[in-house]
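Observations on the model geometry
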Amino acid sequence: MTDSILFARMEAHPADSHTLARYEATGGYAALRKALAMPPEEVIAEVKASNIRGRGGAGFPTGVKWGFLPPDIRPRYLVVNADESEPGTFKDRQLLERDPHQLVEGIVISAYALDVEHAFVYVRGEYPRPARRLQRAVDEARAAGYLGRDVLGTGRNIEITVHLGAGAYICGEETALLNSLEGKRGEPRIKPPFPAIAGLYAKPTIVNNVETLSNVPWIVANGGAAYDAIGPEGSRGTRLFSLSGHVERPGNYEIVMGMSWRDLIFGLGGGIRSGKQLKCWIPGGASAPWFVPALHLDEPVTIDDTGRLGSMLGSGAVVVMDETTNVVAAALSVVRFFAHESCGECTPCREGTSWLQRILERILGGAGRPADLDLLLDVSDNISPGLRWPPAMTTICPLGPSVVSPITSIMSHFRDEVAAMIPGAVTAGV
Amino acid sequence: MSWDSDTRARAEEIIVRYPQRRSAVMPLLYLAMAADGKLTDEGMREVAEHTGMTPAQVYSVASFYSMYKRELGEHLVSVCRSVSCHLLGGDDVLAAVVDETGIRPGQTGAITVEAVECVGACGGAPAVQVDYELVEGVSPAQARALCRWLLDERPGFVIGDDLQARFGGQRSFDWGPAEPVGALGPVPAFEPYGTTGGGA
């Protein structure tokens, strides 16, 4: 059974997995040659048949997204989202640094399939090393004829521009990213129209994550059906998880989904540091509601099960917290992140994130008021009415509702702990 | 001051990578910072001229992003405070940096110190960046030593692999072979933005 698609090369050849020579010696760019001999529609059909879902956070089926492009408008653009900024996430960084040709090949195959001549990779500004590795791979691929004018003698022109962001998490949101790439402030756009209809320069545009496109060479080489045979329904293929926090062996792990959280955290991750007990974990990046051992440890790690249980796999970032964790301080760290990264366009997010930050700061500082317990939820409810999952939106993009996740998490699982930090607040008597 | 011929050539090299000139505003803002050591009004006017934007439009873009800075020292030390680093002592690392340098977050002395949100090094928390070159698994004592080195030695450029070897610990993953290039100052070291230094 295949359990390593994306990391296989770098694990077998740690010294030079990022070079063109090693990539070609291990079968690299054979999928591109195969794809170029197929009609583009057949390449798209393979990706559809793989049932791969986007690895950036939303989990939308990639082949379906590709199918939204209107047939008769050119140029079309392909934009790769490498603005990896969700706290806890560092998987795309490893793909960019250690196997950039895998991504470049995925981009060229996808560009061929989608009739795109110009692709962009938007790399976060804090990733100069990954960007340098990627640029070198692009240059190598161009010199070898895999990219540029007349790709491998097919008459097709495909160019890749590596673009550096400048420190704005919001640009990971696809429409904010497109505005940023157009040379504007990175503020999200109201959808519809979706980027597939009117994206970069108002032209049809596909935005895909680094990990998603890095799977494309394997899918083309082995067929969509082979990919669809890996993992449980709705969570096909392998998937990268970034383990961090109080775990014995932090790192990126490529797994077949369907294993339990226990297997992921205690098996692969080696359990909790220093023999401590597990208190809770964030299952899919800072935007995701937290899980606790009593309710979730033996649940399967799949996109749909995690959604059913009121959270999300998101970007695959698993942040583990042990029994010594002050959950108010941890929640404040997450809330402060969103307050800092709110672009300020929508009032509930701009105001609500910083109100929540101030309330948590005063609780942590010993100056909390008993009414703050309800106030935390009331402010949250103004950002995301009903506090349900998936969250209701009062804002253009999901950043606003994301700040609610740590609040509802500590209030539903650790309310007494929060109350105990507030002078005069009543706990449930535990 | 206005750009010299080398900077202008780099600007044109960047602009041709995009279908529309305006899309080059972000890399050109980095180029302007590399030329002047920080973002200046003159730099933004040059960017406006090259992109066909007004200076006000350029400023509107520049002020949106945290990495375009009007005030910078010789080097930029960024300490991550997001959740994974928070859990593993990032606050103590920041306190050590502030204590050792006497520079508060967001302020500039000989160097600039800042507290930043997630830098994507969560498996190697707590993390620090120097001129956006990453150091993972940094203890408070190592952070102090790093700052002393920057202040005492005043290195002309910093190389990530060297920083990691001297001042780092646990990494998010195996970085693979070392790279002999690094940053000449507080701008991401990515050609042709003009900041890559070092060499074999």
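Worth saying up front: this structure is predicted, and the values here are computed from it rather than measured.

1. Focus on the packing of helix 17 (residues 347-364) of chain A against helix 19 (residues 399-413) of chain A
Residue and element names in this part refer to chain A. It is the contact of helix 17 with helix 19, at a shortest axis distance of 9 Å, that shows an interaxial angle of 25 degrees. Our classification of the angle between helix 17 and helix 19 gives roughly parallel. At the point where helix 17 passes helix 19, the crossing takes the left-handed sense. For the pair formed by helix 17 and helix 19, the contact residues are Cys349, Thr353, Leu356 and Leu360 on the first element and Leu399, Gly400, Val403, Ile407 and Ile410 on the second. The class makeup of the residues in the contact of helix 17 with helix 19 is 7 nonpolar, 2 polar and no charged.

2. Side note on a nonpolar patch on the surface
Together, Phe60(A), Val64(A) and Phe68(A) make up a nonpolar patch on the protein surface, roughly 260 Å² of accessible area in all. We classify Phe68(A) as partly exposed; its relative accessible area is 44%.

3. Things to note about the domain arrangement of chain B
Taken domain by domain, chain B comprises domain 1 (5-62) and domain 2 (76-183). Each of domain 1 of chain B and domain 2 of chain B has a C-alpha centre, and the two are 29 Å apart.

4. A word on the interface of chain B and chain A
Facing the 52 residues of chain B at the interface are 68 residues of chain A. At the boundary of chain B with chain A, total buried surface from both sides reaches about 4,800 Å², with 56% on carbon and sulfur atoms. Counting every contact that joins chain B to chain A gives 7 salt bridges. Measuring nitrogen to oxygen at the nearest pair gives 3.2 Å for the salt bridge that ties Arg93(A) to Glu136(B). The interface formed by chain B and chain A holds 30 residue pairs in polar contact (both at pLDDT 80 or more) in total. Going through the elements one at a time, helix 2 (25-36), helix 4 (55-62), helix 5 (83-87) and strand 5 (133-135) of chain B are the ones with two or more residues in the side of chain B that touches chain A. In terms of residue class, the side of chain B that touches chain A is made up of 29 nonpolar, 14 polar and 9 charged.

5. Focus: the nonpolar core
If you look at the biggest cluster of nonpolar residues, it comprises 150 residues, and the most contacted ones within it are Val123(A), Leu29(B), Tyr65(B) and Tyr68(B). In this structure Tyr68(B) touches Ala166(A), Met26(B), Leu29(B), Tyr30(B), Met33(B), Leu39(B) and Ala62(B), once residues within four positions along its chain are discounted. Counting residues in hydrophobic clusters, the runner-up holds 23 residues, among them Val77(B), Val93(B), Val128(B) and Ala189(B).

6. What about the sheet that holds strand 2 (residues 118-123) of chain A?
Residues and elements named next belong to chain A. With respect to topology, 4 strands assemble into an open sheet ordered 3-2-1-4, the strand pairing being parallel. For this open sheet the edge positions go to strand 3 (159-164) and strand 4 (205-209), each flanked by a neighbour on one side alone. Recorded for the sheet is a direction-independent mean angle of 20 degrees between the axes of neighbouring strands. As defined by bridge partners, strand 1 (residues 77-82) adjoins strand 2 across 6 bridges and the pair is classed as parallel. Paired with valine 79 across the strands is phenylalanine 120, a residue of strand 2.

7. Regarding the pattern of salt bridges
Residues and elements named next belong to chain B. Summed over the entire model, instances satisfying the criterion amount to 49 salt bridges over all chains. Two residues, arginine 10 and aspartate 6, come together in a salt bridge whose shortest N-O distance is 3.3 Å. Of this pair, arginine 10 and aspartate 6 both sit in helix 1 (residues 5-15), 4 residues apart, roughly one helical turn. A relative accessible area of 44% means that aspartate 6 is categorised as partly exposed. Notably, a salt bridge pairs arginine 144 with aspartate 99, separated by 2.9 Å at the nearest N-O pair. Note that arginine 144 is positioned in helix 7 (residues 140-153) and aspartate 99 in helix 6 (residues 90-101), a separation of 45 residues in sequence. You can call aspartate 99 exposed: its relative accessible area is 53%.

8. With respect to the environment of Asp416(A)
Residue and element names in this part refer to chain A. Looking at the element boundaries, aspartate 416 is found in helix 20 (residues 415-420). The exposure class assigned to aspartate 416 is partly exposed, which follows from its relative accessible area of 22%. Residues aspartate 416 and serine 287 lie 129 residues apart in sequence; the distance between their C-alpha atoms is 23 Å.

9. Describing the packing of aromatic side chains
According to the stated counting rule, one finds 17 aromatic pairs over all chains in the structure shown. Considering the side-chain rings of Phe60(A) and Phe68(A), the 5.9 Å spacing of their centres and the 45 degrees angle between planes classify their relative orientation as tilted. Phe60(A) sits in the partly exposed class, given a relative accessible area of 37%. Aromatic pair Trp261(A) and Trp281(A): ring centres 5.8 Å apart, planes at 45 degrees, arrangement tilted. Placement of the pair is Trp261(A) in helix 13 (residues 261-268) and Trp281(A) in strand 7 (residues 278-282), with a sequence separation of 20 residues. When sorted by exposure, Trp261(A) lands in the same class as Trp281(A), which is buried. Here a set of aromatic residues connected by ring pairs shows up, and it is made of Tyr77(A), Phe120(A), Tyr201(A) and Tyr18(B). For Arg239(A), the ring lying beneath its charged end belongs to Phe241(A), and the centroid distance is 5.8 Å. Lys279(A) extends its terminal NZ or CZ atom over the ring of Phe414(A), reaching a point 5.4 Å from the ring centre.

Definitions and cut-offs
Residues numbered from 1 in each chain as written. Chains lettered and ligands numbered in written order. Predicted model: local features only at pLDDT ≥ 70, side-chain atom pairs only at ≥ 80, totals over all residues. Heavy atoms only, no water. Axes fitted to C-alpha atoms, helices over the stretch in contact; angles between N-to-C directions. Helix = DSSP H or I, 4+ residues; strand = E, 2+ residues; numbered from the N terminus. Parallel < 35°, antiparallel > 145°, perpendicular 65-115°, else oblique. Left-handed = near helix turned anticlockwise from the far one by under 90°. Contact = heavy atoms within 4.5 Å. Nonpolar A, V, L, I, M, F, W, Y, C, P; charged D, E, K, R; others polar. Patch = residues over 30% accessible without salt bridge, like charges linked within 9 Å, V, L, I, M, F, W, Y side chains within 5 Å. Areas by Shrake-Rupley, 256 points an atom, 1.4 Å probe, with all protein chains shown as cover. Salt bridge = Lys/Arg side-chain N within 4 Å of Asp/Glu carboxyl O. Buried < 20%, exposed > 50% of the residue type's maximum accessible area, 1.4 Å probe, protein only. Domains from an automatic or database assignment. Buried area = accessible area lost by both parts, 1.4 Å probe. Polar contact = N/O pair within 3.5 Å; in protein donor to acceptor, adjacent residues only side chain to side chain. Core = buried A, V, L, I, M, F, W, Y, C linked by side-chain atoms within 4.5 Å. Pairing = 2+ DSSP bridges. Phe/Tyr/Trp six-rings, centres within 6.5 Å; stacked < 30°, edge-to-face > 60°. Lys NZ or Arg CZ within 6 Å of the ring centre and 35° of its normal.

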